[in-house]
Amino acid sequence: MSGGPPSMPAPVCLIENTDRGLQTVGSALEILQGIQQPVVVVAVVGLYRTGKSYLMNRLAGQTSGFALGSTIESKTKGIWMWCVPHPSKPGHTLVLLDTEGLGDVDKGDSKNDAWIFCLGVLLSSTLVYNSRGTIDNQAVEKLHYVAELTNQIRVKSEGARDEDGEDISEDCEFVRFFPGFVWAVRDFTLERKINGRDVSEDEYLDFSLQLKKGLAPKIVTYNLPRQCIRNFFPTRKCFTFPFPTSAKNMTQLDSMSESQLCPDFRKVADRFCTYVFTESRVKTVQGGHKVTGSRFSHLVKIYVDTINSGSVPCLENAVVAMAEIENQSAMNEGLHLYEQGMEQLKAEFPTDLESLSAEHSRLSTMATKEFLKRSFKDEGGKYMAQLAEKVANLYEQLITQNMDTSEKMCRKLLSDLYANIAGNIKQGVYAKPGGYEAYCRERDAMVAKYRQHRKKGMKGEEMLEEFLQEKNAEANSILMADEKLTDAEKKMAENAQQVALLEQANRAAVESSRQLESLVQEERRSHEENLRHLQEKRQEEIAVLAAEQQRALESKLAEQQQLLRRGFADQEAELREQIAQLREEKAQREAEEAQLRAENKKRTAQEAMQVLSSVAGIYFDYKQKKEERRKAQVEAERVKYAYKQQAARAQQAARDPRGGPKVTGQPEVAHVPKVTGQPEVAHVPKVTGQPEVAHVPKVTGQPEVAHVPKVTGVPKAAEVPKEAVVPRPKEVSGEPKVKEVSGTSKGPPPGQTEV
């Protein structure tokens, strides 16, 4: 299964016991870091040479692995680890810890024994204490390490204890965090009878842990380890193993097959394994948080480093330190998952906003799930908020990149489609009567082809609007130069063009509004789903924490009943205080959880609105910048075409100095240049219904008046005086001649004959 343990043919050393103290082994920690499944941790402790390793091999389903040995020399140094798939809990990993034997004569520092036992308690979810013979006073006294735990383990940090200001000893809380306790009595040969009555293994253990009444020093010493076992461990279980084989075969125990072992021994071993597999819980830490292999690696290193520094391991500090490491890793893992998915989508840019938003929503949910799967004790949602912020920032960058890519592609597409029209403009194809109609026909066909193109992205309509605005001055220039159209038709065409531009702008605005609405809906749905996953995880943690507190409470209540039955009033009163404290903590936890749920809901809603406003802000800021750039481009185009028109007029005037400007819709008559030696023909209007004076006949010595421009909008013929009409003289046959206009000349110049 993904995230499960690797194939381990044999155990590896997890913690070395060296001259420099206890040291973690990096390669073993790496194995744990690769395990993302919850772990069930079973540790075995006990005196050296008592057969601890055999039980671990049996739990691993192997006949060999952990070193057994057959001499007085301890074979296990430090703590060895074997990770195997859990045989009865799919998706879980069974971590077996075989510890160095206590009381080894080769060890120079007896402190190692205490710390080995302490680490076995801190790291396991089930602690197996292995001993030989019987559970008598000597056997219990050898378990004095349990009484030393009060000096070797702290539940709360110094600051938390000062803040609480409670007088109740911390050891009353050990029952909430300590593992289940299993006493395996090896080579048991006695009959289990109490007062002549056969008793079970658990009753035998309970009888061996009974307290004596009195406050004498010897009685206090006698009661101390027993009371610690009863108070610290939430569950207690006992197994009594007979000899596995005959005494002469004990040295070959590690090489013997199961069939060669004593049947009664095999039955007890089978019951032992079944109990451990079914009753051992997933390793949890303070707050009910489940421990995965990765978290377990951090926990091991934190505890060992604390011991080496000379400090006392603190459960609360260890959980906080482990949470910081694991939550940071969880956030990085979630962000990496999001980045990976979005990198694949970037290859498809440009894409529409709906596709981008949907993929963002999907990957954001996946990143949140991955974070929630690995994170724990994220107080105040610190790392969850960091993940959301990083994802939002990356999403904003992707939106900008997508818009830039869409803009570049749309500009190129429009430029390519418009290239033929642009070439026609340069060649003057549209600079003729009817040219504007041809231009509009080809431009509309180009727009239709552009809209048929599918991969334009989220800026498709907006870029078309900008492009048409940019080409508006060019279209107006072609329109004004089209002599086929009257002024009224040109005005109508110009208005129609403005209407088309407004319609395209409206189309772009509607498209943007639709995309933003889709974005808002998708973001809201995504945040609601993330909130649901967060609430589910929180409810799961609350349930585990409640079970932890309930288990501790039930253990205390059962112990209270036993003390009352046996008349231990003082101990019962102390236990009653502890029970009251547990109930108070339970009520306080429930109130805090209700408040936390309300705060989480409010914070999540605020985060959703922040993300939406941020994304919308990015979009509109981008659009505003593009609009400013578009206006600048349009203005530049207008100035360029105005300059071109001015230059064209100047060139025309230079080619035809006699030509006058074209007059449209004005009653004024254009100026006619003066003729040398000829009286000035000052205002010869066109008269409706009269023969047009197209030209002046040639006269010797008189220059020809080549052309009189047409004038429209002049008064009718009835309003023109008679003397202004040029008569046809009889002296010159077939040629109308110009007669002197009254008041305009005093006679012909010298050398010129009057006609």
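Because the structure is predicted, anything quoted here is derived from the model rather than measured.

Student: An account of the overall build of the chain is requested, with residue identities and associated values reported.
Tutor: A count of helical and extended segments in the chain gives 19 helices and 12 strands. Counting all 755 residues of the chain, 44% fall into the buried class. Taking contacts inside the chain between residues at least 6 apart in sequence as the whole, the part at least 24 apart equals 75%. Carbon and sulfur atoms make up 52% of the accessible area of the chain, which amounts to about 39,800 Å² in all.

Student: So, the confidence of the model for the chain: which residues are in play, and what are the values?
Tutor: When pLDDT is averaged along the chain, the result is 76; 70% of the residues meet or exceed 70. Throughout residues 69-74 the model reports pLDDT below 50, and contacts reaching past four residues in sequence, or to other chains, amount to 13 contacts. Considering only residues more than four positions removed or in separate chains, one finds that residues 659-755, a stretch of pLDDT under 50, has 64 contacts.

Student: Summarise the sheet that holds strand 10 (residues 236-240); cite the residues concerned and give the values.
Tutor: Read across the sheet, eight strands follow the order 2-1-4-5-3-6-7-10 without closing on themselves; strand pairing throughout is mixed. Among the strands making up the open sheet, the edge pair consists of strand 2 (21-24) and strand 10. Across the sheet, the mean angle separating the axes of adjacent strands is 20° when strand polarity is ignored. Contacting strand 1 (12-18), strand 2 and strand 4 (79-85), helix 1 (residues 26-33) crosses the sheet at an angle of about 145° to strand 1. Sheet strands in contact with helix 2 (residues 52-59) are strand 3 (39-46), strand 4, strand 5 (93-99), strand 6 (126-132) and strand 7 (180-186), and its direction is about 170° off that of strand 5.

Student: I'd love a proper account of the nonpolar core, names of residues and values included.
Tutor: One finds L97, F117, W183, F272 and F296 to be the most contacted residues of the largest nonpolar core, which totals 102 residues. Per-element accounting of this core gives the leading share, nine residues, to helix 3 (residues 111-123). Non-local contacts of F117, meaning those with residues more than four positions away in its chain, are made with V45, L102, L127, L143, Y145, V146 and L149. Counting residues in hydrophobic clusters, the runner-up holds 24 residues, among them L353, F371, Y383 and Y395.

Student: I'd love a proper account of the pattern of salt bridges, names of residues and values included.
Tutor: Inspection of the entire model under this criterion finds 20 salt bridges. The residue E359 makes a salt bridge to R362 at a minimum N-O spacing of 2.7 Å. Of this pair, E359 and R362 both sit in helix 13 (residues 353-374), three residues apart, which is roughly one turn of the helix. A residue is classified by how much of its surface remains accessible, and R362, at 43% relative accessible area, is partly exposed. A salt bridge links D416 to K412; the shortest N-O distance between them is 3.0 Å.

Student: Just give me the short version of the packing of helix 15 (residues 435-452) against helix 17 (residues 472-481), but keep the residues and values in it.
Tutor: With their axes 8 Å apart at the nearest point, helix 15 and helix 17 run at an angle of 150° to one another. Comparing the axis directions of helix 15 and helix 17 gives the class roughly antiparallel. When helix 15 is examined against helix 17, the residues G435, Y436, Y439 and R443 are found in contact with a partner set consisting of E474, A475, I478 and L479. Tallied by class, residues from the contact of helix 15 with helix 17 come to five nonpolar, one polar and two charged.

Student: Could you give an account of the pairing of strand 5, with specific residues and numbers?
Tutor: Counting buried residues in strand 5 gives seven out of seven residues, a clear majority hidden from the surface. The alternating pattern of strand 5 places T93, V95, L97 and T99 on one face and L94, L96 and D98 on the opposite face, and all of these are buried. Pairing analysis gives six bridges linking strand 3 to strand 5, with the strands arranged parallel. Bridge assignment links V39 to a residue of strand 5, and that residue is T93. As judged from the seven bridges shared by strand 4 and strand 5, these two strands associate in the antiparallel manner.

Student: Could you give an account of the packing of aromatic side chains, with specific residues and numbers?
Tutor: Under the criterion given, the structure shown has 16 aromatic pairs. When the centroid spacing of 5.6 Å and the interplanar angle of 85° are considered together, the rings of F239 and F272 count as edge-to-face. Remark: F272 occurs in helix 10 (residues 263-279) and F239 occurs in strand 10; sequence separation between them is 33 residues. F272 matches F239 in its accessibility class, with the two residues each being buried. Here the aromatic rings of F241 and F265 are separated by 5.7 Å at their centres, their planes lie at 55°, and the arrangement is tilted. Placement of F241 in the loop between strand 10 and helix 10 and of F265 in helix 10 is noted, with a sequence separation of 24 residues between them. Each member of the pair, F241 as well as F265, carries the same accessibility label: buried. Chaining the aromatic ring pairs together yields one cluster made of Y129, F174, F178, F181, W183, F232 and F233. One residue, R186, lies across the ring of F241, its end atom 5.6 Å from the ring centre. The side chain of K456 reaches across the aromatic face of Y450, ending 5.4 Å from its centre.

Student: Outline unusual backbone geometry, listing residues and values.
Tutor: Note the cis peptide between F349 and P350, where omega equals 0°. Relative to the helices and strands, P350 is located in the loop between helix 12 (315-346) and helix 13. Here the phi dihedral of K377 falls at roughly 50°; this positive angle occurs in a residue that is not glycine. Within the element layout of this structure, K377 appears in the loop between helix 13 and helix 14 (382-426). Exposure remark for K377: the relative accessible area of 25% places this residue in the partly exposed category.

Student: Break down the environment of T150 for me, citing the residues and quoting the values.
Tutor: Within the element layout of this structure, T150 appears in helix 5 (residues 149-152). Looking at T150, the relative accessible area reads 25%, which means it is partly exposed. In sequence terms T150 and F232 are 82 residues apart; their C-alpha atoms lie 9.9 Å from each other.

Student: Give a detailed account of the packing of helix 14 against helix 15, specifying residues and quantitative values.
Tutor: Two quantities define a packed helix pair, namely the angle between the axes and the distance from one axis to the other. Across the interface, helix 14 lies against helix 15 with an axial gap of 10 Å and an inter-helix angle of 160°. Taken together, the axis directions place helix 14 and helix 15 in an arrangement best described as roughly antiparallel. Both helix 14 and helix 15 take part in a crossing whose hand is right-handed. Here C410, L413, L414, L417, Y418, N420, I421, N424 and I425 of helix 14 come into contact with helix 15, specifically with Y439, E442, R443, M446, K449 and Y450. Within the contact of helix 14 with helix 15, the residues separate by chemical class into 10 nonpolar, two polar and three charged.

Conventions and cut-offs
- Residues numbered from 1 in each chain as written.
- Predicted model: local features only at pLDDT ≥ 70, side-chain atom pairs only at ≥ 80, totals over all residues.
- Heavy atoms only, no water.
- Helix = DSSP H or I, 4+ residues; strand = E, 2+ residues; numbered from the N terminus.
- Buried < 20%, exposed > 50% of the residue type's maximum accessible area, 1.4 Å probe, protein only.
- Contact = heavy atoms within 4.5 Å.
- Areas by Shrake-Rupley, 256 points an atom, 1.4 Å probe, with all protein chains shown as cover.
- pLDDT = per-residue confidence, 0-100.
- Pairing = 2+ DSSP bridges.
- Axes fitted to C-alpha atoms, helices over the stretch in contact; angles between N-to-C directions.
- Core = buried A, V, L, I, M, F, W, Y, C linked by side-chain atoms within 4.5 Å.
- Salt bridge = Lys/Arg side-chain N within 4 Å of Asp/Glu carboxyl O.
- Parallel < 35°, antiparallel > 145°, perpendicular 65-115°, else oblique.
- Nonpolar A, V, L, I, M, F, W, Y, C, P; charged D, E, K, R; others polar.
- Phe/Tyr/Trp six-rings, centres within 6.5 Å; stacked < 30°, edge-to-face > 60°.
- Lys NZ or Arg CZ within 6 Å of the ring centre and 35° of its normal.
- Left-handed = near helix turned anticlockwise from the far one by under 90°.

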